[in-house]
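Single-letter residue listing:
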Amino acid sequence: MKFFKAYVFLLMIIAASAEAQTAPDAKMNQFVSSLMQKMTLDEKLGQLNLPGAGDITTGQASSSGIAQKIEEGKVGGLFNIKSVEKIRDVQKIAVEKSRLKIPLIFGMDVIHGYQTVFPIPLGLSCSWDMQLIERSARIAAIEASADGICWTFSPMVDISRDARWGRASEGSGEDPYLGSLIAKAMVKGYQGDDLSKNNTILACVKHFALYGAVEAGREYNTTDMSRLRMYNEYFPPYKAAVDAGAGSVMTSFNEVDGIPSSANKWLMTDVLRKQWGFKGMVVTDYTAINELIDHGLGDLKTVSALALKAGVDMDMVGEGFLTTLKQSLKEGKITQQQIDMACRRILEAKYKLGLFEDPYRYCNEQRSKTEIFTAAHRKEARETAAQSFVLLKNENRVLPLKKNGTIALIGPLANAAENMPGTWSVAADFKKAIPLLSGLKNAVGTGAKVLYAKGSNLTADSALEERSTMFGKSLGRDNRSAEVLLKEALAAASQSDVIVAALGEASEMSGESSSRTDIEIPDVQKELLQALLKTGKPVVLVLFTGRPLALKWENDHVPAILNVWFGGSEAGDAIADVLFGGVNPSGKLTMTFPQNVGQVPLFYNHKNTGRPLAEGQWFQKFRSNYLDVSNDPLYPFGYGLSYTSFSYSDIKLSGNAVKKGGTITASVTVTNAGTAEGKETVQLYIRDLVGSITRPVKELKGFQKISLKAGESKVVTFNITENDLKFYNSDLKFAAEPGDFKLFIGTNSRDVKEADFKLL
Ligand code: BGC
């Protein structure tokens, strides 16, 4: 009897919680169902259509090309249209002139900030600070939603191991564990705890899937990999974003297992919806359905039907859905149910955003005036940028600089405001970004003299410079000869106590459609650097880049190198904060820096092979290596220096074995052995020594970012459970296998202490 009562009570609890969970869903379902009953087939297809905003200008919305279509109910949403006025104008057409008054959804590529721009995602990931990253997404959401936007095409979580691929700049690097945590933090930052609030926006995890593994790093190229690699190494961040509740997913341009993502039913339905339980909407990437024709899958009608059947809901720009699905339905190639399902998911997204309740929820003029590019947001962006910089070298403590004497600031990136926000900063006002020259001057005040010279163009090749500085991000090519530019720079250098060389890539040298086969600092800039070093003055290389560069020569010759990526709207001030020691650098690389491009793809969590090198050797005949260069990276994953130094004790384990369901703890004492306060990211890696499939030589399984005063020590403890040891086996089952493991803790993926344990 007692048991029966407890059982009934349990059932009541389950029923109550199910009801609590489903009550809002039930309301939404009812609303959407009754709306869909009123919709014609054409109106349903209209919801699946996401055209670009085209040429809409304020006050002109009703006469723009898109207005007619909106009135006819042929548009589900628009993207990359900016400002409350324009968005309000367009929304008005939808909710006043279209038959069913269904509001539009407004998307934008809000990738690393809106008008207050944060560092490019690859840089942001180097902070290893989830709160900071979440906060950056939160601020982006506040600003975007204050300007009419309710949907962002972010986070981009494609794992990338190939420095040639320009879009590595938009992701979080090469590691699935770190990438997953960042994916989750970004989704939380954008969506908050309630999507219907007027300052939260719908996230869109992209590009599903495997886009970062395009062959040879060439943009939009083919991807081909084993399912084991997908599940263990490339899928985790997408799944983490879905688990965190991301409301939408974007397909990738590439193929997966021979079928481009936008037509890949296994990917979009079996993996995404059935295995991962994704309930939101799937949007294609830009014209990705039309591109299925060039992929070789058939004509527009055929490929549009394939995409719908695969599980795609919304068609970005191409209008294949709008123009062909009706005919396909007539011919029995698709079903009404498939169209209804896609339409339902889009309406649900709008419902969750609160657009049916108030289509102008995100169109608040007052908010747009007071919540965008605020002093408080800019302050956070500046602090965040400083956390993303990675100190790669600092010989003889050239850094931090003193705020006195004469500083020569030289290089094509030194006074380049437009290039500071970095790729994909659609909403930024480039002119408002702080270039390094202003940052240095702001920092030194009257304490030091700052001399500036451009020193060289971006590259000797003017056509390459043009391709690398598109979208209003010109570096103002100087038509004087290289010799004249150099002479001017050397004149400034000769009067200085220290030279700061601002060199590297222009911001559009990475990002979409910006793959490179040469990943060194371009020609004339390198010559400039060589000439500056010859002066014998101390040289600090402030490196701007959107990807790992091959810096072997620089590492051999330049005493100090600070990698600043593209730090966002506040970059110049943030760089100065670090150069003068106001902020002690603590960023750690999330992508391996190779010695040369021939080593790429190069990543820390590789397999051992059957012929690894013997310890301490860099070349052995008939072993896995190159004749001309060691397998070592120039800077390993997780690497980054500080103005202080940290020492690590040996690892203490709580035992030598962990039982299934049990925990083992590993701890180290980390000491700040230098003279400045600093932050250190303590990293935990694990190696599964024997498995039913081959396992990586190291995998990141935990990290803690700690702050230590000079001389201070802290014990850092990690708990390891069976869960941390799980992987997808040959049957794609996620399970841990008993046996021997190695555990490493250290300051980067190379310099570690190690210990052994068993899983029983
Ligand atoms: C990119 C996407 C982006 C979309 C919309 C595409 O070219 O691949 O990442 O979200 O354009 O701007």
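Criteria and thresholds
- Residues numbered from 1 in each chain as written.
- Predicted model: local features only at pLDDT ≥ 70, side-chain atom pairs only at ≥ 80, totals over all residues.
- Heavy atoms only, no water.
- Phe/Tyr/Trp six-rings, centres within 6.5 Å; stacked < 30°, edge-to-face > 60°.
- Helix = DSSP H or I, 4+ residues; strand = E, 2+ residues; numbered from the N terminus.
- Buried < 20%, exposed > 50% of the residue type's maximum accessible area, 1.4 Å probe, protein only.
- Lys NZ or Arg CZ within 6 Å of the ring centre and 35° of its normal.
- Contact = heavy atoms within 4.5 Å.
- 1 Å grid on protein atoms, 1.4 Å probe; cavity = no way out; pocket = protein on both sides within 12 Å on 5 of 7 lines; lining within 4 Å.
- Points joined across faces, edges and corners; volume = space filled by probe spheres on them.
- Nonpolar A, V, L, I, M, F, W, Y, C, P; charged D, E, K, R; others polar.
- Salt bridge = Lys/Arg side-chain N within 4 Å of Asp/Glu carboxyl O.
- Near = heavy atom within 4 Å.
- Polar contact = N/O pair within 3.5 Å; in protein donor to acceptor, adjacent residues only side chain to side chain.
- Areas by Shrake-Rupley, 256 points an atom, 1.4 Å probe, with all protein chains shown as cover.
- Core = buried A, V, L, I, M, F, W, Y, C linked by side-chain atoms within 4.5 Å.
- Pairing = 2+ DSSP bridges.
- Right-handed = clockwise from strand over helix to strand, strands pointing away.
- Expected span 1.5 Å × (residues − 1).

A. Up close: the packing of aromatic side chains. For the structure on display, the rule yields 28 aromatic pairs. When the centroid spacing of 6.0 Å and the interplanar angle of 40 degrees are considered together, the rings of phenylalanine 208 and phenylalanine 235 count as tilted. One end of the pair, phenylalanine 208, is in strand 5 (residues 204–208); the other, phenylalanine 235, is in the loop between helix 8 (227–234) and helix 9 (236–243), with 27 residues separating them in the sequence. A relative accessible area of 2% places phenylalanine 235 in the buried class. Consider the rings of tyrosine 220 and phenylalanine 253, whose centres lie 5.2 Å apart with planes at 90 degrees: the pair is edge-to-face. Remark: phenylalanine 253 occurs in the loop between strand 6 (248–251) and strand 7 (255–256) and tyrosine 220 occurs in the loop between strand 5 and helix 8; sequence separation between them is 33 residues. Here tyrosine 220 falls in the partly exposed class, since its relative accessible area comes to 38%. One aromatic cluster in this structure is built from Phe208, Tyr231, Phe235, Tyr238, Trp266, Trp276, Tyr728 and Phe734. The ring of phenylalanine 622 is capped by lysine 621, whose NZ or CZ atom sits 5.7 Å from the centre of that ring.

B. Representation of the side chain of serine 172 within the structure. Mapping serine 172 onto the fold places it in the loop between strand 4 (151–152) and helix 7 (176–191). On the basis of relative accessible area, serine 172 is assigned to the buried category, the value being 11%. Residues contacting serine 172, with those up to four places away along its chain left out, are Leu122, Ser125, Gly179, Ile182 and Thr590.

C. Looking closely at unusual backbone geometry. A cis amide bond, omega -10 degrees, links lysine 206 with the succeeding residue histidine 207. Among the secondary structure elements, histidine 207 is positioned in strand 5. Of note, the amide linkage connecting valine 600 to proline 601 takes the cis form, showing an omega dihedral of 0 degrees. Looking at the secondary structure, you find proline 601 in the loop between helix 22 (571–579) and strand 17 (646–648). Non-glycine residue arginine 397 carries a positive phi angle of around 50 degrees. In this structure, arginine 397 sits in the loop between strand 11 (390–394) and strand 12 (405–410). A residue is classified by how much of its surface remains accessible, and arginine 397, at 59% relative accessible area, is exposed. You will see that threonine 609, though not glycine, has its phi angle at about 70 degrees, which is positive. Secondary-structure assignment places threonine 609 in the loop between helix 22 and strand 17.

D. Structural view of the layout of surface pockets. Space inside the largest pocket adds up to approximately 1,400 Å³. Taken together, 35 residues form the lining of the largest pocket, with His606, Asn608, Asn631, Asp632 and Val697 sitting closest to its centre. Every element with two or more residues in the lining of the largest pocket is listed here: strand 26 (739–746) and strand 27 (752–759). The residue makeup of the lining of the largest pocket, split by class, is 15 nonpolar, twelve polar and eight charged.

E. Examining empty space enclosed by the protein more closely. If you walk through the whole model with that rule in mind, you get seven cavities of 30 Å³ or more. Taken as a whole, the largest cavity spans an internal volume of roughly 100 Å³. Surrounding the largest cavity, 15 residues form its lining, Pro121, Met156, Ser172, Ile182 and Met186 being those nearest its centre. Of all elements in the fold, only helix 5 (121–125) and helix 7 reach the threshold of two or more residues within the lining of the largest cavity. Class assignment for the residues of the lining of the largest cavity results in ten nonpolar, four polar and one charged.

F. Focus on the pattern of salt bridges. Taken as a whole and assessed by the stated rule, the structure comprises 49 salt bridges. A salt bridge links lysine 69 to glutamate 319; its shortest N-O distance comes to 3.0 Å. Highlighted residues: lysine 69 in helix 3 (residues 65–71) and glutamate 319 in the loop between strand 10 (315–316) and helix 13 (320–330), separated in sequence by 250 residues. Here lysine 742 makes a salt bridge to aspartate 756, at a shortest N to O gap of 2.8 Å.

G. Local environment of the site of the ligand. Taken together, the neighbourhood of the ligand is formed by 14 residues, with Asp109, Arg167, Lys206, His207 and Asp285 sitting nearest. Aspartate 109 is positioned such that a nitrogen or oxygen atom in its side chain is 2.5 Å from an oxygen atom of the ligand. One nitrogen or oxygen atom from the side chain of histidine 207 is found 2.7 Å from an oxygen atom belonging to the ligand. Protein burial of the ligand: of its 310 Å² of free accessible surface, 95% is covered by the chains. Within the shell around the ligand, the residues separate by chemical class into seven nonpolar, two polar and five charged.

H. Seen up close, the nonpolar core. Core analysis: the largest hydrophobic core is formed by 119 residues, its most contacted members being Trp151, Phe208 and Phe235. For phenylalanine 235, the contacting residues outside a window of four places in its chain are Phe208, Ala209, Leu210, Met230, Trp266, Leu267, Val271 and Trp276.

I. Structural view of the pairing of strand 13 (residues 448–453). With six bridges joining them, strand 12 and strand 13 adopt parallel strand pairing. If you follow isoleucine 407 over to strand 13, its bridge partner there is valine 450. Tracing the backbone out of strand 12, into helix 17 (residues 436–444) and back to the parallel element strand 13 gives a crossover that is right-handed.

J. Structural context of helix 4 (residues 84–97). With 14 residues, helix 4 should reach 20 Å at 1.5 Å per residue; the first-to-last C-alpha distance of 19 Å fits that figure. All buried positions along helix 4 are accounted for by Val84, Ile87, Val90, Gln91, Ile93, Ala94 and Val95. Taken together, the buried residues of helix 4 touch helix 3, strand 2 (77–79), strand 3 (105–108), helix 6 (130–146) and helix 15 (365–370).

K. Structural view of the sheet that holds strand 4. On the basis of which strands lie adjacent, the open sheet formed by three strands has the order 2-3-4 and parallel pairing. Bordering the open sheet on either side are strand 2 and strand 4, each of which pairs with just one other strand. Relative to strand 4, strand 3 runs parallel, the two being bridged by two bridges. Bridge pairing in strand 4 places glycine 107 opposite tryptophan 151.

L. Fine view of the pairing of strand 14 (residues 498–504). Judged by how many residues are buried, strand 14 sits mostly within the fold: seven of seven residues are covered. On strand 14, burial covers both faces: Val498, Val500, Ala502 and Gly504 on one face and Ile499, Ala501 and Leu503 on the other are all buried. By the bridge criterion, four bridges tie strand 12 to strand 14 in an arrangement that is parallel. Bridging across to strand 14, leucine 409 finds its partner in valine 500. In this structure, strand 14 lies alongside strand 15 (residues 539–544), joined through six bridges in parallel fashion. Of the residues in strand 15, the one forming a bridge with alanine 501 is leucine 541. Crossover strand 14 to strand 15 through helix 20 (residues 523–534) is right-handed.

M. Quick peek at the sheet that holds strand 26. Pairing within the open sheet is mixed, and its five strands lie in the order 19-27-26-21-22. In the strand order of this sheet, the two ends are held by strand 19 (657–658) and strand 22 (699–708), each with one partner. Of the pairings in the sheet, the one linking strand 26 to strand 27 comprises eight bridges and is antiparallel in character. Within strand 27, the residue paired with glycine 746 across the bridge is valine 752.

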